[in-house]
Amino acid sequence: MRVKIWGARGSVPSPGPETVRYGGNTSCVQVTLSDGTLLALDAGTGIRSMGLGLAEPARPVHILLTHLHMDHIQGLMFFGPAFDPTSEIVIWGPEAPDASLRDRIARYISAPLSPVEVRELPCHVSFNEAPHSEWKIGPATIRAASVTHRGPTLGYRITEGDVSLCYIPDHEPALGADLRDDGPEWISGFELARGATVLMHDGQYTSDEYSRRVGWGHSRLADALAFGRRVGAKRLVVFHHDPLHSDDFLDALQGDAVERWADLGGEPTSLEFAVERRELSVDRLPRSAASASATPEPRPARGGGAARGGGGSAPSRESSRSP
Amino acid sequence: MSARQRPVELILARSLLATLSTPGFLVDEDGIVVFFNDAASVLLGVRYEEVGRMGPEEWGTAFGPLDESGREIPLEELPLTIALRHGRPSHARLRIRSTQGVHNDIEAAAVPILTVQGTRGAMVFFWKVDEA
Ligand SMILES: [Zn+2]
Ligand SMILES: [Zn+2]
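Residues numbered from 1 in each chain as written. Chains lettered and ligands numbered in written order. Predicted model: local features only at pLDDT ≥ 70, side-chain atom pairs only at ≥ 80, totals over all residues. Heavy atoms only, no water.

Residue and element names in this part refer to chain A. Taken together, the protein ligands of the zinc ion (ligand 1) are D71 (OD), H72 (NE2), D170 (OD) and H240 (NE2), with distances of 2.1 Å. Here the zinc ion (ligand 1) binds 4 donor atoms, and the angle range of 92 to 166° at the metal identifies the geometry as irregular. Site description for the zinc ion (ligand 1): donor spacing in sequence, D-H-x97-D-x69-H. (Donors = N, O, S within 2.8 Å, 3.2 Å for Na, K, Ca; no water. Tetrahedral: all angles 85-135°; square planar, octahedral: opposite > 155°, others 65-115°.)

Shown next, in the form of structure tokens:
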């Protein structure tokens, strides 16, 4: 499984001289399976560049949308294959009680927000609410699960052979749970992410920023690290960078994060911040690294007390200066 | 015991209940009490952390509930059972017995937790009725 990050920014595209290294495009990750099957995880503005880089637009591209916030669908209208009559696009996304996935996406791809309507897209496009049980795309098994964010939101796990990529770009698991002490059943996304070879996870805020944004649906970095260790992810890629976080600020944050990751028992090399255009190969880890990253599961208190509020009490080591 | 992953709706309901001062319970789709808050523990005389999850039988034995004449209310008539089995809100006046043997008259309102995968649990709120 090969992975290429086309956009790792959260909330809103943020191009400019201060974001050239980590990138300003919003969420999009290309996954190429062993037989060449192509997946796009989310369709933020990064998907435009992904489309430009595709050699054979005719093969189906599966777009797995975590949710329909603008930073995850804005690029749909600018994805080249959507305007190629020979290409086929299969869109997957969360179910909602009010309208079908197609109709909800059509709220964006329609006037006055868009010059074309969904029915006018030249490509062959289909829309599928993500099944409640695992399904196959090419040689991979896909699992989707609802996670804590604002509105119906999924995380995905893509498994091929014995490796798995778990993608949860917008997630606030600390809202409603104590990531250290609660039983795993009460931690949003736990089953989905458990033991993933690579976990791409929301780490948008510093602790200081988070204290003013509890309930907004995103994680502070400290919670992303705690979640990554708790689920025993072999490798953690911090994703959905805040638009206000400059390259230099993210460098500093990453330095602190590596230290804290090591304090939690993680291998320093198994933590990184997502960088636009970076390619990763999702492989089995060498034995030594794999055992070093296994996290013993702490025993929850009997009954497992519910967290009070979402503020948590993790130490705030990372810089709290304003970016 | 490693339980299965709870749906996010139950996770957030538990968090809401933990924050509220309205006495409240959370039951899963099998009718197991998987949480009650501190406000409810005042009426029951015991904290959730002390008893852990409880099935309907255990719950009935421990706390009643009884009707106004002191008769035990059958499981299928309880608001939480109606909410779970029929997927609709239900309300009743009941009497519950705390672990110290104190009886409290309460109003109980149960609301099913509907998800895209159907009813996955219910929230039950209690309100103590003061004798007029
Ligand atoms: Zn987002
Ligand atoms: Zn979002």
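Residues and elements named next belong to chain A. Relative to the elements of secondary structure, P243 occurs in the loop between β12 (236-239) and α7 (247-263). With 217 residues separating them in the primary sequence, P243 and T26 have C-alpha atoms 9.5 Å apart. Not counting chain neighbours up to four residues away, the residues in contact with P243 comprise R9, G10, S11, V12, S14 and Q204. (Helix = DSSP H or I, 4+ residues; strand = E, 2+ residues; numbered from the N terminus. Contact = heavy atoms within 4.5 Å.)

We now examine the coordination of the zinc ion (ligand 2). Residues and elements named next belong to chain A. The protein atoms donating to the zinc ion (ligand 2) are H67 (NE2), H69 (ND1), H149 (NE2) and D170 (OD), with metal-donor distances spanning 2.1 to 2.5 Å. Its 4 donor atoms give the zinc ion (ligand 2) angles of 91 to 172° at the centre, a pattern that matches the irregular case. Written as a sequence motif, the donor residues of the zinc ion (ligand 2) are H-x1-H-x79-H-x20-D. Between the zinc ion (ligand 2) and the zinc ion (ligand 1), both coordinated by D170, there is a metal-metal distance of 3.5 Å. Placement of H69 in the loop between β4 (61-64) and α2 (70-73) and of H149 in the loop between β8 (140-146) and β9 (154-160) is noted, with a sequence separation of 80 residues between them.

Here we take up the nonpolar core. Within soluble globular proteins, side chains that are nonpolar tend to cluster in buried spots. Core analysis: the largest hydrophobic core is formed by 37 residues, its most contacted members being F25, L26, F36, L44 and F126 of chain B. In contact with L44 of chain B, not counting residues within four places along its chain, are F25, F36, W59, F63, I96, S98 and T99 of chain B. (Core = buried A, V, L, I, M, F, W, Y, C linked by side-chain atoms within 4.5 Å. Buried < 20%, exposed > 50% of the residue type's maximum accessible area, 1.4 Å probe, protein only.)

Now for the confidence of the model for chain B. Residues with a pLDDT of 70 or more make up 96% of chain B, whose mean pLDDT is 90. This prediction of the complex comes with two scores: 0.87 for pTM and 0.84 for ipTM. (pLDDT = per-residue confidence, 0-100.)

In this section: helix α1 (residues 8-19) of chain B. The terminal C-alpha atoms of α1 of chain B, which comprises 12 residues, lie 17 Å apart, in line with the 16 Å expected from a rise of 1.5 Å per residue. Among all positions in α1 of chain B, only V8, L10, I11, A13, R14, S15, L17 and A18 of chain B are buried. Residues of α1 of chain B that are buried in the fold lie against β8 of chain A together with β1 (24-28), β2 (33-36), β4 (103-115) and β5 (118-128) of chain B. (Expected span 1.5 Å × (residues − 1).)

Once that is clear, we can look at the interface of chain A and chain B. Listed as interface residues are 25 residues of chain A and, on the opposing side, 23 residues of chain B. Interface area for chain A against chain B, summed over the two sides, is near 2,100 Å², with a carbon-plus-sulfur share of 53%. On the surface where chain A and chain B come into contact, there are 3 salt bridges. The salt bridge partner of R53 of chain B is E185 of chain A, with a shortest N-O separation of 2.6 Å. The tally of links between chain A and chain B comes to 7 residue pairs in polar contact (both at pLDDT 80 or more). When the residues that make up the side of chain A that touches chain B are grouped by side-chain class, the tally is 9 nonpolar, 10 polar and 6 charged. (Buried area = accessible area lost by both parts, 1.4 Å probe. Salt bridge = Lys/Arg side-chain N within 4 Å of Asp/Glu carboxyl O. Polar contact = N/O pair within 3.5 Å; in protein donor to acceptor, adjacent residues only side chain to side chain. Nonpolar A, V, L, I, M, F, W, Y, C, P; charged D, E, K, R; others polar.)

Okay, the confidence of the model for chain A next. In this model, chain A carries an average pLDDT of 89, and 87% of its residues clear a pLDDT of 70 or more. Long-range and interchain partners of residues 288-296 of chain A, a stretch whose pLDDT sits below 50, account for 13 contacts in this model, where long-range means more than four residues apart.

The next point concerns the sheet that holds β1 of chain B. Residues and elements named next belong to chain B. Taking strand neighbours across the sheet as the criterion, the 5 strands line up as β2-β1-β5-β4-β3 in an open arrangement whose pairing is antiparallel. Two strands lie at the open edges of the sheet, namely β2 and β3 (90-97), each paired on one side alone. Across the sheet, the mean angle from the axis of one strand to that of its neighbour is 25°, orientation sign disregarded. As judged from the 3 bridges shared by β1 and β2, these two strands associate in the antiparallel manner. Among the inter-strand pairings, L26 is bridged to a residue of β2, identified as F35. Contacts between α1 and the sheet are confined to β1, β2, β4 and β5, with β1 contributing the most and set at about 165° to the helix. (Pairing = 2+ DSSP bridges. Axes fitted to C-alpha atoms, helices over the stretch in contact; angles between N-to-C directions.)

All names here are of chain A. With respect to the helices and strands, the residue V275 is situated in the loop between β13 (271-273) and β14 (279-281). Relative accessible area serves as the criterion here: at 15%, V275 is assigned to the buried category. Along the sequence, V275 and V237 sit 38 residues apart, while their C-alpha atoms lie 9.3 Å from each other. Setting aside chain neighbours within four positions, we find V275 in contact with I5, R21 and Y22.

Right, let's get into the pattern of salt bridges. Here the structure, examined in full by the defined rule, presents 24 salt bridges over all chains. Linking E272 of chain A and R235 of chain A is a salt bridge whose minimum nitrogen-to-oxygen distance equals 2.9 Å. Residue E272 of chain A is located in strand β13, and its partner R235 of chain A is located in the loop between α6 (221-230) and β12; the two are separated by 37 residues in the primary sequence. Between D67 of chain B and R71 of chain B there is a salt bridge; the shortest N-O distance is 2.9 Å. The exposure class assigned to R71 of chain B is partly exposed, which follows from its relative accessible area of 42%. In the salt-bridge network here, residues are joined through shared partners; they are E185 of chain A together with R4, R6, D28, D30 and R53 of chain B.

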